[in-house]
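Structural description and commentary
Each chain is listed here by its residues.
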Amino acid sequence: MSSALTDLFPYPIVQAPMAGGVSVPALAAAVSEAGGLGFLAAGYKTADGMYQEIKHLRGLTSRPFGVNLFLPQTEAADPAAVDVYAHQLAGEAAWYETELGDPDSGRDDGYETKLAVLLDNPVPVVSFHFGVPSREVVDSLHRVGTFALVSATTADEARAVEQSGADAVIAQGAEAGGHQGTHRDHPETGGAGTGLLSLVAQVREAVSLPIVAAGGIMRGAQIAAVLAAGASAAQLGTAFLATPESGAPDLHKQALTNPLFVRTELTRAFSGRPARALVNRFLREHGPYAPAAYPEVHHLTSPVRKAAAKAGDAQGMALWAGQGHRMARELPAGRLVELLAAELAAAGTVLSGYATGGGGR
């Protein structure tokens, strides 16, 4: 990775921007202060809400940080399929004593307004999910001194990221919690994806961009593995979800290691786009029938998910989590960064031992 970008954070540890209230200023500040790169998630927020969080974060740390944006969704969903799913969810709304949301609440997530705010009030790093920003957008960010990172889930997507002029590609493996950052949602793929180590290797051969590896990483030794595979840094989300600084509900944090939730699955049940979550009742009952309709399904289910959280019912919530969720550690975010860095150093020592013929001893 370019020295200008890596100079922003001493450790190759990036805290993933987790939308929905998880990646709050306190979490991003703690990570950045400890030597990683903290991130705010602008997804599902208003432009002013994003700006206020940036101001708050700047009051907590003088260290560099990033802000994540969702690209507008241009492919309209089938209204009939959304309507059928809404009828199926009517019982959920009645059970939680709420109403279903309006599926037509907007498709662009306030992208242009948020971008304007970030150009008027530049931050060190901006990352993009669900597509590739235009060359003009990337150039405009560069003019104000902002690095641009873009998610990709295939080598072809990584090539599109490189063509945009972005500074690095976030290679997101299928193990990752939350939404897959596919540039286009192809229903025929069934949400299948490539594992992280294979993806990093493929992206490394496809583009010359620096790679930030994301997907199921919970330990320093895993960071060492992706660095050895060709990445320049690792992005961790679920690992930071359980920290006290995380804005995730306590039910969500507890579910990561709760024996009731033994596995994760990619599902459209909550948002209409493939996203990895802990398998609960809602996912089992509705996942097989959810249409490829993002953000319509997200808007539709939002009041139900909020009502379930308010009722203390984890079985009706979107419990986003990566495949390594059972390895979550309830540590302060800064301490977690330090521990990951120590584990990375120890793994590097072992690898160095093998490289010199010492067998790691």
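Note on numbering: residues in each chain are counted from 1, in written sequence order. Reporting of local features is limited, given that this is a predicted model, to residues whose pLDDT is at least 70; pairs of side-chain atoms are given and counted only at 80 or more, and all residues count toward the totals for whole chains, interfaces and linings. Side-chain measures here rest on the full set of heavy atoms in the structure, leaving out hydrogens and waters.

1. Some details on the nonpolar core
Among soluble globular proteins, nonpolar side chains are generally buried collectively. Val67, Leu69, Phe128, Leu236 and Phe240 are the most contacted members of the largest nonpolar core, which totals 98 residues. Numbering of helices and strands starts at the N terminus; helices are DSSP runs of H or I of at least 4 residues and strands are runs of E of at least 2. Considering each element in turn, this core owes the most residues, 6 residues, to helix 15 (residues 333–355). Among the nonpolar cores identified, the runner-up in size contains 14 residues, and Leu5, Val14, Leu37 and Ala214 belong to it. Working definition of a nonpolar core: buried Ala, Val, Leu, Ile, Met, Phe, Trp, Tyr and Cys residues. They are joined through side-chain atoms within 4.5 Å. Think of it in three bands: with a 1.4 Å probe and only protein chains considered, a residue is buried below 20% of the maximum accessible area for its type, exposed above 50%, and partly exposed in between.

2. So, the side chain of Thr182
For Thr182, the position within the fold is in the loop between strand 7 (178–179) and helix 9 (196–206). At 2.7 Å, the side chain of Thr182 and the side chain of Arg273 are in polar contact. Only heavy atoms matter for contacts: two residues are in contact if any of them lie within 4.5 Å across the pair. For Thr182, the residues in contact, after removing those within four places along its chain, are Phe130, Gly131, Thr153, Glu157 and Arg273. For this analysis, a polar contact is any N or O atom pair within 3.5 Å, provided that within protein one partner can donate a hydrogen and the other can accept it, and provided that sequence-adjacent residues contribute only side-chain to side-chain pairs.

3. Considerations on the side chain of Thr146
Its location among the elements puts Thr146 in the loop between helix 7 (135–143) and strand 5 (147–152). At a separation of 2.7 Å, a polar atom in the side chain of Thr146 contacts the main-chain carbonyl oxygen of Val123. Leaving out residues up to four positions away in the same chain, Thr146 has contacts with Pro122, Val123, Pro124, Val125, Val126, Leu141 and Asp167.

4. Here's the deal with the environment of Gly215
Here Gly215 lies in the loop between strand 8 (211–214) and helix 10 (220–229). In this structure, the C-alpha to C-alpha distance between Gly215 and Ala152, residues 63 residues apart in sequence, is 12 Å. Setting aside residues up to four positions removed in sequence, Gly215 forms contacts with Gly173, Glu175, Ala176, Leu196 and Gln235.

5. What to know about the pattern of salt bridges
Salt bridge, as used here: a side-chain nitrogen of Lys or Arg that lies within 4 Å of a carboxyl oxygen of Asp or Glu. For the structure shown, the criterion picks out 11 salt bridges. When the shortest N-O distance is used, the salt bridge between Arg107 and Glu296 registers 2.3 Å. With a gap of 189 residues between them, Arg107 in the loop between helix 5 (90–95) and helix 6 (111–120) and Glu296 in helix 14 (residues 296–310) connect regions that are remote in the sequence. Measuring nitrogen to oxygen at the nearest pair gives 3.0 Å for the salt bridge that ties Glu265 to Arg263. Here Arg263 falls in the partly exposed class, since its relative accessible area comes to 43%. Within this structure, Glu92, Arg281 and Glu285 form a network of salt bridges that share partners.

6. Some remarks on the packing of aromatic side chains
For any two aromatic rings, the description comes down to two numbers: the centre-to-centre distance and the angle of the planes. Only Phe, Tyr and Trp rings are paired, with Trp represented by its six-membered ring, and only when their centres lie within 6.5 Å; those with planes under 30 degrees apart are stacked, over 60 edge-to-face, the remainder tilted. Under the definition given, this model contains 6 aromatic pairs. Summarising the aromatic geometry, the rings of Phe270 and Phe282 are spaced 4.9 Å apart at their centres and angled 20 degrees between planes, so their arrangement reads as stacked. Within this pair, whereas Phe270 is found in the loop between strand 10 (264–267) and strand 11 (275–278), its partner Phe282 is found in helix 13 (residues 281–286), the two being separated by 12 residues in sequence. When the ring of Phe270 is compared with that of Trp320, the centres are 5.6 Å apart and the planes differ by 85 degrees; the resulting orientation is edge-to-face. Placement of the pair is Phe270 in the loop between strand 10 and strand 11 and Trp320 in the loop between helix 14 and helix 15, with a sequence separation of 50 residues. Like Trp320, Phe270 is buried. Each member of the aromatic cluster is reached from another via a ring pair, and the members are Tyr44, Phe70, Phe130 and Tyr294.

7. Section: the environment of Leu199
In this structure, Leu199 sits in helix 9. Along the chain, Leu199 and Glu245 lie 46 residues apart, while their C-alpha atoms are 31 Å from each other. Filtering out sequence-adjacent residues up to four positions away, Leu199 remains in contact with Ala152, Thr153, Thr154, Ala155, Ala171, Gln172, Gly173 and Thr194.

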